[in-house]
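Listed here are the chains, written in short residue letters.
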Amino acid sequence: MKTTSNSFGHSWQFIARSLDWLASPAFLLLRIWVALAFLKAGYLKVTSWGTTLYLFQYEYAVPLLPPVFAAYLATFVELVMPSLLLLGLLTRPAALLLFIFNIMAVISYPDLDPIAASDHQAWGVALLLLATAGAGRWSGDQWLSRNVCRIA
């Protein structure tokens, strides 16, 4: 009888260790997926700057910010924050900023089609997960905490 409960406990330990091991590649893939979506948008803004300015002046209704400043700020956020996510550096603040940015993007463009809205929802969930749980073991944040903080 005792061996049955013992093997049951070992099974759960194996499952827990397996899930723990899978978390690192899962967080890495999640960071890459979200980062590439935002980097692509930032790249499009830079490569067609005239269109970007036009959209911010006449299509997007960004509250409280002048359109040209909003265009520069959005481009900066869409290029820098995803780069941090890819590296796993300052992951929680970068993900939180992108989460807020994502909400503002949806609010600022009321004509967003349903497919694009569902993309934004999925990115929002992923960003919220990264903001609360962090980047995982395969990240610059973890490397710095293991190697740099240990020296200090």
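The rules behind the values
- Residues numbered from 1 in each chain as written.
- Predicted model: local features only at pLDDT ≥ 70, side-chain atom pairs only at ≥ 80, totals over all residues.
- Heavy atoms only, no water.
- Patch = residues over 30% accessible without salt bridge, like charges linked within 9 Å, V, L, I, M, F, W, Y side chains within 5 Å.
- Areas by Shrake-Rupley, 256 points an atom, 1.4 Å probe, with all protein chains shown as cover.
- Salt bridge = Lys/Arg side-chain N within 4 Å of Asp/Glu carboxyl O.
- Helix = DSSP H or I, 4+ residues; strand = E, 2+ residues; numbered from the N terminus.
- Buried < 20%, exposed > 50% of the residue type's maximum accessible area, 1.4 Å probe, protein only.
- Contact = heavy atoms within 4.5 Å.
- Core = buried A, V, L, I, M, F, W, Y, C linked by side-chain atoms within 4.5 Å.

Trainee: Would you mind going over a nonpolar patch on the surface with me for this structure?
Mentor: Where nonpolar side chains cluster on the molecular surface, the patch consists of W12, F14, I15, L19, W21 and L22 and spans about 700 Å² of accessible area. Within the element layout of this structure, W21 appears in helix 1 (residues 2–47). Looking at W21, the relative accessible area reads 56%, which means it is exposed.

Trainee: In this structure, what is going on with the side chain of N102? I would like to understand it.
Mentor: Here N102 shows up in helix 4 (residues 91–108). In this view, N102 contacts F38, H120, W123 and G124; residues no more than four positions away in its chain are not counted.

Trainee: Would you explain the nonpolar core in this entry?
Mentor: Note that soluble globular proteins tend to have their nonpolar side chains buried in a common cluster. Of all hydrophobic cores here, the largest spans 23 residues; its most connected members are F38, L85, L98 and L127. Of all the elements in the fold, those that place two or more residues in this core are helix 1, helix 3 (67–87), helix 4 and helix 5 (114–133). At seven residues, helix 3 tops the list of elements feeding residues into this core. Residues contacting L85, with those up to four places away along its chain left out, are R31, V34, A35, T91, A94, A95, L98, L127 and L130.

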